[in-house]
Amino acid sequence: MESINNKTALITGATSGIGTVILKHLVDSGYEVIVLGRSPEKMEHLHHRLKISSNQKIHWIPCDL
């Protein structure tokens, strides 16, 4: 995965609490973000709630660590 500014972050626990705040900050700062989470439903809800634009790169990967 390559982004324009070459900044990539991996976040677990982004569907609630401080993880959501960190996700929003990184996306707004131009990072390409990989989000790991157990619940595809929560990740989809968060995606719609944050109103992610097409030029912001977020990769949602459901997994249970």
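Before any of the text, the structure's been laid out above.
Asker: Where do I start with the sheet that holds strand β2 (residues 32-37) in this structure?
Answerer: Sheet strands line up and pair through hydrogen bonds in the backbone, either parallel or antiparallel. Ordered by their spatial adjacency, three strands build an open sheet running β1-β2-β3, and the pairing between neighbours is parallel. The open sheet has two free edges, formed respectively by β1 (8-12) and β3 (58-62), since each of these has just one partner strand. The mean angle between the axes of side-by-side strands here comes to 15 degrees, regardless of whether they run parallel or antiparallel. Here β2 runs beside β3; their pairing, made up of five bridges, is parallel.

Asker: Would you take a moment to explain the pairing of β1 for this structure?
Answerer: On a regular strand, one side chain projects to one face of the sheet and the next to the other, so that they alternate. Of the two faces of β1, the one lined by Ala9 and Ile11 is fully buried and the one lined by Thr8, Leu10 and Thr12 carries no buried residue. As paired elements, β1 and β2 share five bridges and run parallel to each other. By the bridge assignment, Leu10 is partnered in β2 with Ile34. For the crossover from β1 across helix α1 (residues 17-28) to β2, the handedness is right-handed.

What counts, and where the lines are drawn
- Throughout this description, residue numbers start from 1 for each chain and increase along the sequence as written.
- In view of the model being predicted, local features appear only for residues whose pLDDT reaches at least 70, and side-chain atom pairs are presented and counted only at 80 or more, with totals across whole chains, interfaces and linings using the full set of residues.
- Each side-chain value is derived from all of the structure's non-hydrogen atoms; neither hydrogens nor water enter the calculation.
- Two strands pair if DSSP finds at least two bridges between them.
- Where helices and strands are cited, they refer to DSSP runs of H or I of at least four residues and of E of at least two residues respectively, numbered from the N terminus.
- Here the axes come from fitting lines to C-alpha atoms, over the contacting stretch only for helices, and the angles between their N-to-C directions go from 0 to 180 degrees.
- Exposed residues in this analysis have more than 50% of their type's maximum accessible area, buried residues have under 20%, and partly exposed residues fall in between, with area computed by a 1.4 Å probe over protein chains only.
- By convention, orient the strands away from the viewer: a clockwise path from the first strand over the helix to the second makes the crossover right-handed.

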